[in-house]
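# Chain and residue survey
Each chain, written out:
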Amino acid sequence: MAMDLAENISHKTSGLIQSSNHRDLLDIVDTLRNSGVSHYVDLPQIIVCGSQSSGKSSTLESLSGIAFPTAEGLCTRFATELILRRGETDKPEIKVQIQPAAGRTGEERIRLAAFSAETSDQNDFAKIIESAKEAMSLSGREGSKIFSTDVLRIESTSPTAPNITLVDLPGLFGASDKNQSDDDATLVQELVVGYMRQRRSIILAVVTADNPFANQPVTKSDVQSGIKDCRRKLTRLGRARSTKREKHTYLQRISSQLSKLIRAGIDGVYADKFYESYPGQADAFDRRLRAHVQWILSEYADKMREDGHSLEIVEEDEDPVREISSKYIMRVDYLEIVSDLMVECRGRELPGTFNPMVVGDMFSRQCKPWEPITQNLVERIHDAATTTFNKVVSEICDQNTRSRLMRLHMEWKSCEAVVYVVAQ
Ligand SMILES: Nc1nc2c(ncn2[C@@H]2O[C@H](COP(=O)(O)OP(=O)(O)OP(=O)(O)O)[C@@H](O)[C@H]2O)c(=O)[nH]1
Ligand SMILES: [Mg+2]
């Protein structure tokens, strides 16, 4: 029955994932995994996880056609990586090895790495797993360990197998009993979460039908947030669009949503869900454009007040605010500069009067820093507009549409338009 299902799956998937290119790629992935590269790079794999005795090993058996040891109660004691490959062999070939855990001593590593078994008879499989357990000191005798972080690697090549890598993991459990301690629960949890965290792990969560879905440890945290993420991505993908008209409607929807959200961001009306903000959320400014620009403008006003004038003119009885001596001048010294300037500005005025142009000259000398400060303001507002724009586009369309629209220079054109509107 299990073999039938496996064959069924492999036939259905052939043509999609069974190409020789795909097989070569997976072989490279497994060679890398075998060389320990997975310590540095996460390699793709389907991981089977869930509560104890929820039927993980049985699910794996149905998918692979390989009879895993399954039983009521404590059963899977270590991670088992099952590498299924389609190959032209007369009989199925099964190769078994142990990848020692990171915490093993040098001597133990040599002993475990030396463990290897090969067979073409699936009936030997249970025996091989038993001897692997023995090698990992999981014999079940007094004082032996219950769980291990060593990994059992099984490579199975047969003409009908699908090209996939599956990982069977021990079941999660909360409470200790006479067979397993709290430390064991932590060890298993760390092992499972370690596999779940690997970015390229595809999580196959197995849940029992007699316990509510939301109560099972594997459906909590990571998996639930994964489901949420998938839903969000699906919503973003939008409805199927095969005709030109449907594609046109899709782009029109993006365009109207974009202008609606950007308009709201410019006007500072944050009623849409996109602008939602809650305490501790760091990216509110990235979305709330008007608030961000107002903040940038108030910093600009402070900067202009403090550094907008070239020289600070200090009254006789006061101390300068600025520390660098070239940045301030005493009033009496400044008056001398003004007198010199009045001479330089002399026109046709009568004696005793002065050319009012002198004020313009003094002003242009004093406002020299305005240009770089204002240039910086323009850049900051441009960056703020770009950030909000990118956030909005990421929110309303899928990754593929987004990058294709961006290629049409929509980014620049729209950002310039936003800066223009904000500046108004
Ligand atoms: N009723 C019923 N029993 C099942 C089903 N799948 C598996 N079992 C039984 O449940 C028990 C546990 O199955 P396993 O596949 O060993 O479960 P597991 O999740 O691998 O268990 P651990 O590795 O110990 O965490 C075995 O006795 C199976 O025969 C199912 O769909 N229905
Ligand atoms: Mg199991």
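Residues numbered from 1 in each chain as written. Chains lettered and ligands numbered in written order. Predicted model: local features only at pLDDT ≥ 70, side-chain atom pairs only at ≥ 80, totals over all residues.

### Here we look at the packing of helix α11 (residues 331–344) against helix α12 (residues 357–366)
Where α11 meets α12, the axes come as close as 10 Å, and the angle between the chain directions of the two elements is 125 degrees. Judged by the inter-axis angle, α11 sits oblique to α12. The element α11 and its partner α12 pack so that their crossing is right-handed. Along its contact with α11, which presents Val338, Leu341 and Met342, the element α12 presents Val358, Asp361 and Met362. (Axes fitted to C-alpha atoms, helices over the stretch in contact; angles between N-to-C directions. Helix = DSSP H or I, 4+ residues; strand = E, 2+ residues; numbered from the N terminus. Parallel < 35°, antiparallel > 145°, perpendicular 65-115°, else oblique. Left-handed = near helix turned anticlockwise from the far one by under 90°. Contact = placed C-beta atoms within 7 Å.)

### As for the site of ligand 1
If you check the shell around ligand 1, you find 16 residues, and the closest are Gly55, Ser57, Thr70, Thr76 and Gly171. Of all the elements, helix α3 (residues 56–64) adds the most residues to the shell around ligand 1, at three residues. Each residue belonging to the shell around ligand 1 can be placed in one class, and the counts come to four nonpolar, 10 polar and two charged. (Near = placed C-beta within 6 Å. Nonpolar A, V, L, I, M, F, W, Y, C, P; charged D, E, K, R; others polar.)

### Thoughts on α3
Residues separated by three or four positions in an α-helix point in the same direction, a consequence of the helix having 3.6 residues per turn. When we look at burial in α3, the residues that qualify are Lys56, Ser57, Leu60, Glu61, Leu63 and Ser64. Each buried residue of α3 lies within a common arc of 165 degrees when the element is viewed along its axis, so the set occupies one face. Trailing α3 by a residue or two, glycine 65 shows a phi angle of about 80 degrees, which is positive. (Buried ≥ 20, exposed ≤ 12 C-beta atoms within 10 Å, placed from the backbone. Arc of directions from axis to C-beta.)

### What about the packing of helix α8 (residues 244–267) against helix α13 (residues 370–396)?
One can describe the packing of α8 onto α13 by two numbers: an axis separation of 10 Å at closest approach and a directional angle of 140 degrees. Comparing their axes, α13 and α8 come out oblique. Of the two elements, α8 crosses α13, and the hand of that crossing is right-handed. Residues Ile254, Gln257, Leu258, Leu261, Ile262 and Gly265 of α8 pack against Thr388, Phe389, Val392, Val393 and Ile396 of α13. When grouped by side-chain class, the residues that make up the contact of α8 with α13 number eight nonpolar, three polar and no charged.

### Structural notes on the environment of arginine 402
Considering the arrangement of structural elements, one finds arginine 402 in helix α14 (residues 399–407). The sequence separation of arginine 402 and asparagine 390 amounts to 12 residues, and the corresponding C-alpha distance is 9.1 Å. Setting aside chain neighbours within four positions, we find arginine 402 in contact with Val393, Ser394 and Cys397.

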